[in-house]
Amino acid sequence: MNETPRFDAYRHAIPDTLMPSTSDPFDAAVPPIYQTSLFLFDSYKELEDVFAGRSKKPIYSRGDNPTVRLLERKIAEMEGAEEARAFSSGMGAIAAAVLAFVGPGDRIVTVRHVYSDAFRFFEKVLKRFGVVVDYIDGTDTQAMLAALPGAKLAYLENPTSMVFELQDLTAIAEAARRHGVVTMVDNSWATPLYQKPLASGIDIVIHAASKYLGGQSDTVAGLVTGSKAHIDRINSEIYPYTGAKLAPFEAWLVLRNLETLPFRMRHHHEAGLEVASWLNAHADVTNVMHPAFNDHAGKCTFSGFGGLFSFEVSDRIDVADFVDALRVIRIGVSWGGPESLVVPARAALSISPETNVFARFGVSDRTIRLNVGLHSAMEITADLEQALAAAKR
Ligand SMILES: *Cc1c(COP(=O)(O)O)cnc(C)c1O
């Protein structure tokens, strides 16, 4: 694994492509929250110059806000991207990014086991506009490459949700470029610290900042990063009109929590691997779906691992009893915060199959997703051990 990267080199001055650099006059250690919807102009001329793009200044916070802009610049820097745009949620980011690049009759190639609400966005929203979506086994690189010609967009998630399947980003990006297909990767799991998809040739990287980037289970936020041309397209075609902008305070929370990201990720990486290895050796665990143990595509691009993964329990374990017997680990969706959490797939399998990605692509009802939070591996394995023993039939 790489040396823990540091981000304190970035000062809180707001260096910008859209605004003049605004250093804090007091050298505040923490960036100010620009809790304002609008910005004032001194004269007709100043307003006209800003409208005409002759000078730079934020106008209205549905467009640009300095606190949000600082977050966008930091994430762009971390991903090695030219530009970034923040959204009020990961889904806001996904919807805007996808809508900027597809139109009626276009085809999207995506992976099976894609994030459940991205799946619903494809099935419920895009299909109404005549967009065709192909779900491919992303571990099968040949199948992915074969699906690309004629598609408009390849929407990837490395690893995928729930079963943590990997894709060969480099091979897919290279073929997509040849066929004129725009590529996007949801990089929420690895964060820019542990995977840099743009370096593998991917065009656009998406984050649910509600997860590791926010890291404290107190914020819902999303980000899209990529080249200036790609982000400009999102900005000019979709972003201001769907209105899913990030609030300055929420941007500030993510900025604050980014300071601890390297330390949190190191813990999730280490404790996650330790718990996954422990589960792997347990007699009542039949499968551990952690990218460290399942390099499907044989092209692992991670320099470290997230602490979210799944495992399957044997039929000697009652899933509901197991979940109810956990004490340190709580029951809850989402992930990436300090809490250690489980989601049993069985509870979600009752949702109607047309819009249920688990049912559609076959997630076993014995699958449990585990978020290794900021607990020690020992606390978590002790809890798992007693709950597995309590749930044994
Ligand atoms: C949670 C999540 C999202 C959606 O993010 P929200 O902020 O909840 O809208 C997208 N992708 C992945 C992989 C996620 O886990």
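Note that the structure is predicted; figures quoted are calculated from it, not measured.

### Here's the deal with unusual backbone geometry
For the peptide bond that leads from Asn-158 to Pro-159, omega is 0°, which places it in the cis range. With a phi angle near 65°, Thr-191 is a residue other than glycine that sits in the positive phi range. Looking at the element boundaries, Thr-191 is found in helix H7 (residues 191–194). Residue classification places Thr-191 among the buried positions, given a relative accessible area of 1%. In this structure, Ser-334 takes a positive phi of about 60° despite not being glycine. One can find Ser-334 in the loop between strand S10 (330–331) and strand S11 (341–344). Using a relative accessible area of 31% as the deciding quantity, one classes Ser-334 as partly exposed.

### Considerations on the packing of aromatic side chains
For the coordinates displayed, the defined rule picks out 12 aromatic pairs. Judged by centre distance (5.3 Å) and plane angle (65°), the ring pair of Trp-189 and Phe-302 falls under edge-to-face. Here Trp-189 is found in the loop between strand S5 (182–186) and H7, whereas its partner Phe-302 is found in the loop between strand S8 (285–289) and strand S9 (308–313), with 113 residues between them in sequence. For Trp-189, a relative accessible area of 4% gives the class buried. On the numbers, 5.1 Å between centres and 80° between planes, the contact of Tyr-212 with Trp-335 is edge-to-face. Of the two residues, Tyr-212 is situated in the loop between strand S6 (204–208) and strand S7 (222–226) and Trp-335 in the loop between S10 and S11; the sequence distance between them amounts to 123 residues. As far as burial versus exposure is concerned, Tyr-212 and Trp-335 are alike and both buried. An aromatic cluster is present here, built from Phe-119, Tyr-135 and Phe-361 joined pairwise through their rings. Over the face of the ring belonging to Phe-41 we find Lys-57, whose NZ or CZ atom lies 4.8 Å from the ring centre. Here the guanidinium or amino end of Arg-85 rests over the ring plane of Tyr-239, the centre of that ring lying 3.9 Å away.

Rules of the game
- Residues numbered from 1 in each chain as written.
- Predicted model: local features only at pLDDT ≥ 70, side-chain atom pairs only at ≥ 80, totals over all residues.
- Heavy atoms only, no water.
- Helix = DSSP H or I, 4+ residues; strand = E, 2+ residues; numbered from the N terminus.
- Buried < 20%, exposed > 50% of the residue type's maximum accessible area, 1.4 Å probe, protein only.
- Phe/Tyr/Trp six-rings, centres within 6.5 Å; stacked < 30°, edge-to-face > 60°.
- Lys NZ or Arg CZ within 6 Å of the ring centre and 35° of its normal.

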